[in-house]
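# Secondary and tertiary structure notes
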Amino acid sequence: MRTLRVVLAEDSVLLREGLTSLLRHFGHEVVAAVGDADALRERVTALDPDVVVTDVRMPPGFSDEGLRAALELRAARPRLPILVLSQYVEQTYAAELIDAGRAAGTGYLLKDRVGEVGEFVDALGRVADGHTVIDPEVVRQLLDRRRDPLHRLTPREREVLGLVAEGRSNAAIARRLVVTEAAVAKHIAGILTKLDLPPDADDHRRVLAVLTYLRA
Amino acid sequence: MTARTALSAAATPPWRLARSAWPWRSLAYLLAGMIPAMLPLGLLAGIELLDPGIPALILLLLAGLLVVVAAGPLIAWFDRRRLRLVDRRPLPQRPPLRLREPGTWREIGYAVLSACVAWWLDLGVVMLSLFPPLLLMSAPLQPTGPGAELPAVPWLTALLCAAGFVLLPLAAYPITAWAGARAAVARAVLAPADTDLVEVLRSRERLVDGFDSERRRIERDLHDGAQQRLVALSVTLGLARLQVADEHAAAPLLDDARQQTALALAELRELIRGVHPQILSDRGLAAAIRDVAGRSPVPVELDLRLDGRLPSPVEVTAYFAVNEALANLARHSGAARGRVAAWTQDRRLLLEVSDDGAGGADPARGTGLTGLADRAATVGGRLLLASPAGGPTLLRVELPCER
């Protein structure tokens, strides 16, 4: 895995330190760790990092400054990968992030996921590589809500769809489910057919297609 | 003496009324009205003595009227004191004495009427009530014999006199009733009922507002404190786990600790959402409703025609209404789908949550719906529920909102 130059924005000092040492542990370089949205904008402009990790809620308003800063950064630098950490799963936020631009990697994860340190760093890597990573919880809610068009899927296909939405490759899904890659490909073809989506080889676009369809 | 006003005392039986203090209080109340009447009467008498010409008379009368108006607050003060004789319910504070205060002018208007006109009526009622029995009672003192109206028949005189004594207690009724009615008018003018109600509503609104900001504070504290610490803890535990080989005895313990941290975080998150949903403050009602609907296990169709933000108490009330309604829908209705519609119309927010379930929702069964109705009432709104057995269920919430 290549070394990533990360700008980290998180207002809780405790968590900022924790995340910094976590990323360092995995060989990444935290070029700046800041505590508010203004500093985030300034540092990103100055340092041009490989990926940005930001909390949603930050000073001064403790509202959604982090997310707004991420959206602004995305507008100014369409190719900058951004991973947003949120204390809550808000589909609105996830949708805003995805709508903001699809040219670069985008991630929206529940903060809890950082405890699964390996998976978290893995997800960060995928975002930096230009993939979309959406928290399984968002996916679960979307699946729950849009039951009608999805009730045709088998439980296994739903599981696969959830993993697809998390931005995993067929190989990763196969490992996770302990099946062959060919079986995964068959499931995905089945899902796309059942959802009337044209098959596509590109993981990233496949995720977006699924999410776009689910949001509609 | 259980009655609290003369008017309610006037409804008690004669033997009780006659023995109570109410007729005397009423009489005192009505006669005390003569005291402020002295002012206009005195002025009139003074003007009369001057014997002015017509133009001067008009000027003097106008000046007299001005004097009475100027004395209005004083007369109103007196009338408030006087009111205690026949109405024991406390009056609200006097409005501050200001030219731009509507309460002040209402008081003055009442005082002028009371001093110039109303006392005539009071006096008339007292006279008419007392005159017949007193006249009868005075029979022995009346001239008798030829030429007089009363024949010189002793037993007739005694009978008439006795009738007077019997009738006198009955005079208590018109006097008490009239005093009660006058007091009711005085109270209606001096303490209009709706100012009381508005004040109560406002204080309830303030209370709910206080609760809301308190909830927001708790949410913020939990978010900035416990939640961040737990996340940091989970990172530390994750890193610690990386340092420990899978075969090490501490490995399963660390895994267990991580799992428990994850559970604690999940529980804390749900708790915080119940206290105050962050998205409601951030993005407003429409986004928050979308969020709740997205969480519902029953598919929910949305028809939200809301643009811009609504006042915070309205948003919070509406949000918790939808939250409760959708929870009930998922738990009890057995519905296959639900629908939430929200729009503003005539300065009101209208909210409808409907489903195709079994109906039969009963507000008395749980505290959820009644709590919501109470909440809606505090912001001057209301909650309507139609849920016949067999369904469907429709919950409608109307909340006033000034935009």
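Residues numbered from 1 in each chain as written. Chains lettered and ligands numbered in written order. Predicted model: local features only at pLDDT ≥ 70, side-chain atom pairs only at ≥ 80, totals over all residues. Heavy atoms only, no water.

Chain B goes by histidine kinase in an unreviewed UniProt entry, where it is assigned to Catellatospora bangladeshensis. Quoted verbatim from the Catalytic activity (unreviewed entry) field of the UniProt record, the comment on chain B reads "ATP + protein L-histidine = ADP + protein N-phospho-L-histidine." (UniProt positions renumbered as here; feature names shortened; annotations may be inferred.)

An unreviewed UniProt entry annotates chain A as DNA-binding response regulator of Catellatospora bangladeshensis.

### Focus on the overall build of chain A
For chain A, the helix and strand inventory stands at eleven helices and six strands. Each of the 216 residues in chain A was classed as buried or not, and the buried ones make up 56%. Nonlocal contacts in chain A, meaning residues at least 24 apart in sequence, comprise 68% of its contacts between residues at least 6 apart. When the accessible surface of chain A is summed, it comes to about 8600 Å², and 53% of that surface belongs to carbon and sulfur atoms. (Helix = DSSP H or I, 4+ residues; strand = E, 2+ residues; numbered from the N terminus. Buried < 20%, exposed > 50% of the residue type's maximum accessible area, 1.4 Å probe, protein only. Contact = heavy atoms within 4.5 Å. Areas by Shrake-Rupley, 256 points an atom, 1.4 Å probe, with all protein chains shown as cover.)

### Some points on the pairing of strand 3 (residues 51-55) of chain A
Residues and elements named next belong to chain A. Along strand 3, five of the five residues are buried, which leaves the element largely enclosed by surrounding structure. Side chains of strand 3 alternate between two faces, with Val 51, Val 53 and Asp 55 and Val 52 and Thr 54 buried alike. With four bridges joining them, strand 1 (residues 5-9) and strand 3 adopt parallel strand pairing. Bridge pairing links Val 6 to Val 51 in strand 3. Strand direction decides the pairing type here: strand 3 and strand 4 (residues 82-86), joined by four bridges, are parallel. Bridge pairing in strand 4 links Val 53 to Leu 83. In this fold, the crossover linking strand 3 to strand 4 by way of helix 3 (residues 65-76) has right-handed handedness. (Pairing = 2+ DSSP bridges. Right-handed = clockwise from strand over helix to strand, strands pointing away.)

### Overview of a nonpolar patch on the surface
Judged by side-chain polarity, Ile 54, Ile 58, Leu 62 and Leu 65 of chain B come together as a nonpolar surface patch covering roughly 400 Å² of accessible area. Among the structural elements, Leu 62 of chain B can be located in helix 5 (residues 54-70). (Patch = residues over 30% accessible without salt bridge, like charges linked within 9 Å, V, L, I, M, F, W, Y side chains within 5 Å. Salt bridge = Lys/Arg side-chain N within 4 Å of Asp/Glu carboxyl O.)

### What to know about the sheet that holds strand 1 (residues 300-305) of chain B
All names here are of chain B. Pairing is mixed in the open sheet, where five strands are placed in the order 1-2-3-5-4. Sheet topology places strand 1 and strand 4 (382-386) at the edges, where each strand pairs with a single neighbour. The mean angle between the axes of side-by-side strands here comes to 10°, regardless of whether they run parallel or antiparallel. As defined by bridge partners, strand 1 adjoins strand 2 (residues 338-345) across six bridges and the pair is classed as parallel. Bridging from a neighbouring strand, Arg 305 pairs with Trp 343 of strand 2. Helix-sheet contacts for helix 11 (residues 278-295) involve strand 1, strand 2 and strand 3 (348-355), and the interaxial angle to strand 1 is about 180°. On top of the sheet, helix 12 (residues 312-333) reaches strand 1, strand 2, strand 3 and strand 5 (393-400); it is set at about 10° to strand 3, its chief contact. (Axes fitted to C-alpha atoms, helices over the stretch in contact; angles between N-to-C directions.)

### So, the side chain of Thr 106 of chain A
All names here are of chain A. If you trace the backbone, Thr 106 turns up in strand 5 (residues 106-110). Residue class for Thr 106 comes out buried when judged on its relative accessible area of 3%. Side chain to side chain, Thr 106 and Arg 74 meet in a polar contact 2.9 Å long. Engagement of the side chain of Thr 106 in a polar contact is seen with the backbone oxygen of Ala 104, the distance being 3.4 Å. (Polar contact = N/O pair within 3.5 Å; in protein donor to acceptor, adjacent residues only side chain to side chain.)

### Comments concerning the confidence of the model for chain B
Taken over all residues, the pLDDT of chain B has a mean of 84, while the share at 70 or more is 96%. Interface scoring of the predicted complex returns ipTM 0.72; its pTM is 0.57. (pLDDT = per-residue confidence, 0-100.)

### A look at the interface of chain B and chain A
Taken together, the contacts link 36 residues of chain B with 37 residues of chain A. Summed over both partners, the interface of chain B with chain A comes to about 3200 Å²; 49% of that surface belongs to carbon and sulfur atoms. Put simply, chain B and chain A have five salt bridges between them. Its salt-bridge partner being Arg 283 of chain B, residue Glu 96 of chain A comes within 2.3 Å of it at the nearest N-O pair. Between chain B and chain A we count twelve residue pairs in polar contact (both at pLDDT 80 or more) in total. Those elements that provide at least two residues to the side of chain B that touches chain A are helix 9 (193-243), helix 10 (250-275) and helix 11 of chain B. Here the side of chain B that touches chain A takes 15 residues from helix 9 of chain B, the largest share from any one element. (Buried area = accessible area lost by both parts, 1.4 Å probe.)

### As for the UniProt feature "transmembrane region" (unreviewed entry) in chain B
Within the UniProt annotation, "transmembrane region" (unreviewed entry) is assigned to residues 26-47, 53-78, 108-132 and 152-173 of chain B. Taken end to end, residues 152-173 of chain B is 91% helix and 0% strand, and its two terminal C-alpha atoms sit 33 Å from one another.

### Points about the pattern of salt bridges
Enumeration over the complete set of coordinates arrives at 35 salt bridges over all chains. Between Glu 10 of chain A and Lys 111 of chain A there is a salt bridge, with the nearest N and O atoms lying 3.1 Å from each other. Pair noted here: Glu 10 of chain A is in the loop between strand 1 and helix 1 (13-25) and Lys 111 of chain A is in the loop between strand 5 and helix 5 (117-128), with a separation of 101 residues, a long-range link. Overall, the relative accessible area of 1% leaves Glu 10 of chain A in the buried class. For Asp 38 of chain A, the salt bridge is made with Arg 41 of chain A, and the minimal N-O distance between the two is 2.7 Å. Of this pair, Asp 38 of chain A and Arg 41 of chain A both sit in helix 2 (residues 37-47), three residues apart, which is roughly one turn of that helix. When its relative accessible area of 51% is taken as the criterion, Asp 38 of chain A is described as exposed. Through salt bridges that share partners, Glu 116 of chain A together with Arg 241, Asp 246, Asp 255 and Arg 258 of chain B make up one connected network.

### Section: the packing of aromatic side chains
Residues and elements named next belong to chain B. For the structure shown, the criterion picks out two aromatic pairs over all chains. Here Tyr 319 and Phe 320 contribute two aromatic rings whose centre-to-centre distance is 5.3 Å and whose plane-to-plane angle is 75°, an arrangement assigned as edge-to-face. Across this residue pair, the class does not change: Tyr 319 and Phe 320 are buried. Stacked on the ring of Trp 22, the Lys or Arg Arg 25 has its end atom at 5.6 Å from the ring centre. One residue, Arg 82, lies across the ring of Tyr 29, its end atom 4.5 Å from the ring centre. (Phe/Tyr/Trp six-rings, centres within 6.5 Å; stacked < 30°, edge-to-face > 60°. Lys NZ or Arg CZ within 6 Å of the ring centre and 35° of its normal.)

### As for unusual backbone geometry
Residues and elements named next belong to chain B. Its identity is not glycine, yet Asp 346 carries a phi of approximately 50°, on the positive side. Considering the arrangement of structural elements, one finds Asp 346 in the loop between strand 2 and strand 3. At Arg 347, a position not held by glycine, the phi torsion is positive, near 60°. Within the fold, Arg 347 resides in the loop between strand 2 and strand 3. When its relative accessible area of 58% is taken as the criterion, Arg 347 is described as exposed.

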